[in-house]
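Structure assessment
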Amino acid sequence: MRRRFGSGPPFPREDEPDSMPSRLHRIAPAAALCAVLVGVPQAALAYIGPGAGFALGGSILFGVAGVLVALGALLLWPLRTLLRWLRSRRRLGKARARRVIVLGLDGLDPGLIKEGFREGRLPHFRALKERGGFRPLATVWPAMSPVAWSGFATGTDAGKHNIFDFLQRDLRTYLPILSSTKIEGGGRVLRLGPFRLPLGKPRIELLRRSKAFWQVLGENGVKSTVLRVPITFPPEKVDGQMLSAMCVPDLRGTQGTFSFFTAGEVQGGVDGASAGVAPVSDEETIGGVRNRLERHGAGYRGRLVGPEDPDGKLMTLPVDVTVDAAAKRAVFRVDGREFVLGPEENSEWIGMTFRAGPGVKAQGIAKFRVISFDDPFGFYVTPIHIDPESPAMAISHPAHYAIALAKLQGKFATLGLAEDTWALNERVLDEQGFLDQAYQIHEERKTQFFHVLDRQRTGSISVVFDATDRIQHMFFRYLDPRHPANAGKDTEKHRHAIRDLYDRADALVGETVARLRKGDVLFVISDHGFKTFQRGVNLNTWLREHGYLFLQSDPAAGPLPVLPADFKAEPAQIDWSRTRAYVSGLGGFYLNLQGREARGIVTPEAAPALLEELAAALRPLRDPDRGCACVNAVWLAPEVYRGPYTGNAADLVIGFKPGYRTGWDAAVGRVGGRTFEDNTRSWSGDHCNDPRVVPGILFSSVPFAERQPALIDLAPTILDLFGIARPAWMTGRSFLPREGSR
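Given the structure is predicted, the values throughout are model-derived calculations rather than measurements. (Residues numbered from 1 in each chain as written. Predicted model: local features only at pLDDT ≥ 70, side-chain atom pairs only at ≥ 80, totals over all residues. Heavy atoms only, no water.)

**What about the sheet that holds strand E21 (residues 378–381)?**
In a beta sheet, neighbouring strands pair by backbone hydrogen bonds and run either parallel or antiparallel. This is how it is decided: By this definition, two strands are paired if DSSP reports at least two bridges between them. The way it works is that DSSP assigns letters per residue, a run of H or I at least four long becomes a helix, a run of E at least two long becomes a strand, and they are numbered from the N terminus. In this analysis, axes come from line fits to C-alpha atoms, helices being fitted only over the stretch in contact, and the angle between any two N-to-C directions falls in the range 0 to 180 degrees.
Taken in spatial order, the four strands line up as E12-E11-E21-E20 in an open sheet, and their pairing is mixed. Lying at the two open borders of the sheet, with one neighbouring strand each, are strand E12 (288–292) and strand E20 (368–372). When the angles between neighbouring strand axes are averaged without regard to direction, this sheet yields 20°.

What follows is the structure, encoded as structure tokens:
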């Protein structure tokens, strides 16, 4: 199949329905804290945050707007309740279910489920299988959470919903940027004497297109609750409530920046104490900052970095700590709050307020954990989450829903990807610290889910639990004795971490089933499975070695120089005037196309032949160090996508064999010194493979007819259960038996 080129603009116009804005995103110099998101390291600098307009202007305007919205909702409540009741009665007369509950367990693998069955474990999964059914669930192209959960929501492939990867590239700069959400600061500031008051509010745009099934349900009088389903930020207006997930930023406007404080030396970079400014990332720490503690009275003092003030300067709060090393006891004082920590203990959520002037403030929450009581003393602080009791921007719909949950149940994690995978990758946290954090967040989510499950009597309820994905990413090496990531790390203490994870998932299913009522239908699903990730593949390096990509330092003629094994070149060092193809993101690579990329050189007429040439060369690609093939398949975008946004996809989609994945550097557009390298990070499992080898799971409380169900079939199936016809744009189909065939 040949792809058409040059037939129109790469992005639809803004005046077209369901279009992506044609102007490009704010330039972000490399991909730092989407590293937390996708497990790819930062390049030279972090993503530029939205600045003062994000946290400060947002908190002021959001607070005022929240009061007005709450008053309006209160006044309209009787009328809305009556209308919803009338519509629901009409709809329930045609429905096959009173409630449809989707329990999402991100990344749960059908192979490991079957292994649990063979070992006589997972009784609640087994009972659900016998009650309704169990099948592997076909995932999406590529098998990544933002793409997959967007497919779940819309019932379409990425060609129609427009999310193709964790990252997309900026067509002007070739730098990676987030694919699903765009945040821009307010910018305008009112100057009153010495004070600076932000006036603008942040502009937040969800880049997912098409329409989610919960919106279709609302149009038909069916209420929905959507809890932490990825790619729901900013929150959508639904008939019901929504708590946003993936891409909710931290208070600094990043995708998650942890802090590590030490009384010892801070290696590399510049720390705040010596420079007299807020701490900044050093070259050796990805996803966080390392800060030096200074002696302060009988203890230590450090400074915790918050958002920017209206003048663009980072605000900080002092953190004072007194340490009794013999008793292994540390007393912390942060923003007027005092708390005590012992070894291997997380604090509760600690509230903190950053102030830039009278009435100008932003509130956040974080957890603290002592890493070492021995000399040198050190402690870890999670990224500063948006405080759900006083959010700097809307993280739920209605806006007061997050506030109400926090008032009722206590503060909870709000960051899109709250489990701090990079703190473990960087060995700031150890495995036990990471597990403690992940399961505490898991318990918060369970409390929220059961609260809804016990109170919402009709409609749909969808929730996604993330621990199943994050723990497999970080502990898969324990299932693989020969994994390169095992070198120098524990291989015994947590060797049953994934087994325990699946047992906990089984217990969650049992607790959910116990809460079901007459007329309920339960689906337990995952968006993809898991495989070991042993070797990274840098196709930018391969493209250079084969004459498709050039660095600015490469000679104009003659053989290219051999690069050192530890060489790394940023996208800015690529010679785009000679480069015909490049990698950005985890799913595939792009042609440097005229009329699309800012410095494109491949003509639309030459593109089809070049794509066929590249695909033919990549299919037999072998790992010379291991003597085996690493690619299962290569697809042209139109072979796996259908829809108006197919032109935004990678031109070639790569399906790697298990054990292989796009390398850390290639994902952020770097050229490395080697095409193949061992993956030695704790992030040792992955799913960015050929989607056919990493299906998800589907358990159902009712029988289903389809023997090969797909993730995109869930949306039309849910509509079918409520007697609503599948909209024309949905690619998936209901997998339920037809009426009269049961």
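**Description of the packing of helix H11 (residues 431–455) against helix H13 (residues 497–514)**
The condition is simple: Orientation labels follow simple angle bins: below 35 degrees gives roughly parallel, above 145 gives roughly antiparallel, 65 to 115 gives roughly perpendicular, and whatever is left gives oblique. Take the far helix as your reference; a near helix turned counterclockwise from it by less than a right angle gives a left-handed crossing, and one turned clockwise gives a right-handed crossing. Whether two residues are in contact is decided by their heavy atoms, any of which lying within 4.5 Å being enough. Just so you know the grouping, Ala, Val, Leu, Ile, Met, Phe, Trp, Tyr, Cys and Pro go in nonpolar, Asp, Glu, Lys and Arg go in charged, and all remaining residues, Gly too, go in polar.
Between H11 and H13, whose axes approach to 12 Å, the crossing angle comes to 15°. On the basis of the axis angle, H11 is roughly parallel to H13. Between H11 and H13 the crossing geometry is right-handed. Residues Tyr439, His442, Lys446, Phe449, Phe450 and Leu453 of H11 form the contact with H13, whose own contacting residues are Ala497, Asp500, Leu501, Arg504, Leu508, Glu511 and Thr512. The residue inventory of the contact of H11 with H13, partitioned by class, reads seven nonpolar, two polar and four charged.

**With respect to the environment of Thr579**
As a reminder of what qualifies: Categorising residues by exposure relies on relative accessible area from a 1.4 Å probe, with only protein chains included: less than 20% of the type maximum marks a residue as buried, more than 50% marks it as exposed, and the intermediate range marks it as partly exposed. Counted as a polar contact is a pair of N or O atoms within 3.5 Å, where, for protein atoms, one must be capable of donating a hydrogen and the other of accepting one, and residues adjacent in sequence contribute only when both atoms are in side chains.
With respect to the helices, strands and loops of the structure, Thr579 is situated in the loop between strand E27 (568–569) and strand E28 (581–583). A relative accessible area of 0% means that Thr579 is categorised as buried. What Thr579 contacts, discounting residues up to four positions off in sequence, is Tyr548, Leu549, Phe550, Ile574, Asn592 and Ile601. Engagement of the side chain of Thr579 in a polar contact is seen with the backbone nitrogen of Phe550, the distance being 3.1 Å.

**Describing the sheet that holds strand E19 (residues 360–366)**
As summarised here, the arrangement of the three strands in space is E18-E19-E22, forming an open sheet in which the pairing is antiparallel. Looking at the sheet topology across the chains shown, the edges are occupied by strand E18 (350–357) and strand E22 (385–386). In the sheet, E18 pairs with E19 via seven bridges, with the strands oriented antiparallel. In the sheet register, Arg355 faces E19, and the bridge partner there is Lys361.

**Here we look at the packing of helix H12 (residues 467–475) against H13**
Interaxial distance between H12 and H13 falls to 10 Å at its minimum, and their mutual angle equals 170°. Judged by the inter-axis angle, H12 sits roughly antiparallel to H13. Contacts between H12 and H13 involve Ala467, Thr468, Ile471, Gln472 and Phe475 on the former and, on the latter, Ala497, Ile498, Leu501, Tyr502 and Ala505. Class assignment of the residues belonging to the contact of H12 with H13 gives a composition of eight nonpolar, two polar and no charged.

**Here's the deal with the pattern of salt bridges**
So the rule is basically this: One speaks of a salt bridge when a side-chain nitrogen belonging to Lys or Arg is within 4 Å of a carboxyl oxygen belonging to Asp or Glu.
This model, assessed by the stated rule, comprises 44 salt bridges. For Arg681, the salt bridge goes to Glu426, with nearest N and O atoms at 3.7 Å. Residue Arg681 is found in the loop between strand E36 (676–678) and strand E37 (685–686), and its partner Glu426 is found in the loop between helix H10 (421–425) and H11; the two are separated by 255 residues along the sequence. Residue classification places Glu426 among the buried residues on the basis of a relative accessible area of 13%. In the salt-bridge network here, residues are joined through shared partners; they are Glu419, Arg445, Asp466, Asp469 and Arg470.

**Remarks on the packing of aromatic side chains**
The condition is simple: Stacked, tilted and edge-to-face pairs are distinguished by plane angle, under 30 degrees for stacked and over 60 for edge-to-face with tilted covering the rest, among Phe, Tyr and Trp rings (Trp via its six-membered ring) whose centres lie within 6.5 Å.
Within the structure shown, the criterion is met by 35 aromatic pairs. Between Phe117 and Phe699 the ring centres are 6.4 Å apart and the planes differ by 90°, which places this aromatic pair in the edge-to-face class. You can see Phe117 sitting in helix H3 (residues 110–118) and its partner Phe699 sitting in strand E38 (residues 696–700), a full 582 residues away along the chain. Counting every residue linked through ring pairs, the aromatic cluster contains Phe261, Tyr300, Phe332, Phe339, Phe368, Phe373, Phe377 and Phe379.

**Focus: helix H15 (residues 607–618)**
Where we set the bar: Expected helix span is taken as 1.5 Å per residue step, with the number of steps being one fewer than the number of residues. Working definition: the arc comes from the directions between the helix axis and the C-beta atoms, pointing outward to the latter.
In this model, H15 (twelve residues) spans 16 Å end to end at C-alpha, consistent with the 16 Å of a helix rising 1.5 Å per residue. Inspection of H15 places Ala607, Pro608, Leu610, Leu611, Leu614, Ala615 and Leu618 among the buried residues, and these make up the whole buried set. Along the long axis of H15, the arc covered by the buried residues comes to 160°, so they all point the same way.

**Describing the nonpolar core**
Keep this limit in mind: The criterion is simple. A nonpolar core is a set of buried Ala, Val, Leu, Ile, Met, Phe, Trp, Tyr and Cys residues joined through side-chain atoms within 4.5 Å.
Counting 93 residues, the largest nonpolar core has Phe125, Phe332 and Phe368 as its most contacted members. A total of eight residues in this core trace back to one element, the largest contributor, which is H11. Core analysis: the next-biggest nonpolar cluster, separate from the first, contains 61 residues, Val147, Leu217, Val521 and Val653 among them.

**Quick word on the pairing of strand E9 (residues 224–227)**
On E9, burial covers both faces: Ser224 and Val226 on one face and Thr225 and Leu227 on the other are all buried. Pairing between E9 and strand E10 (residues 240–243): four bridges, direction parallel. Bridged to Val226 within E10 is Met242.

**Concerning the pairing of E21**
A two-sided burial pattern is seen for E21, the buried positions comprising Gly378 and Tyr380 on one face and Phe379 and Val381 on the other. Relative to E21, strand E11 (residues 258–262) runs antiparallel, the two being bridged by four bridges. Bridging from a neighbouring strand, Phe260 pairs with Tyr380 of E21. One ladder, built from four bridges, connects E20 with E21; its direction is antiparallel. Residue Arg369 lies in a different strand from E21, and its bridge partner there is Tyr380. As consecutive antiparallel partners, E20 and E21 are separated by five residues.

Shape is all these values report; function is a separate question.
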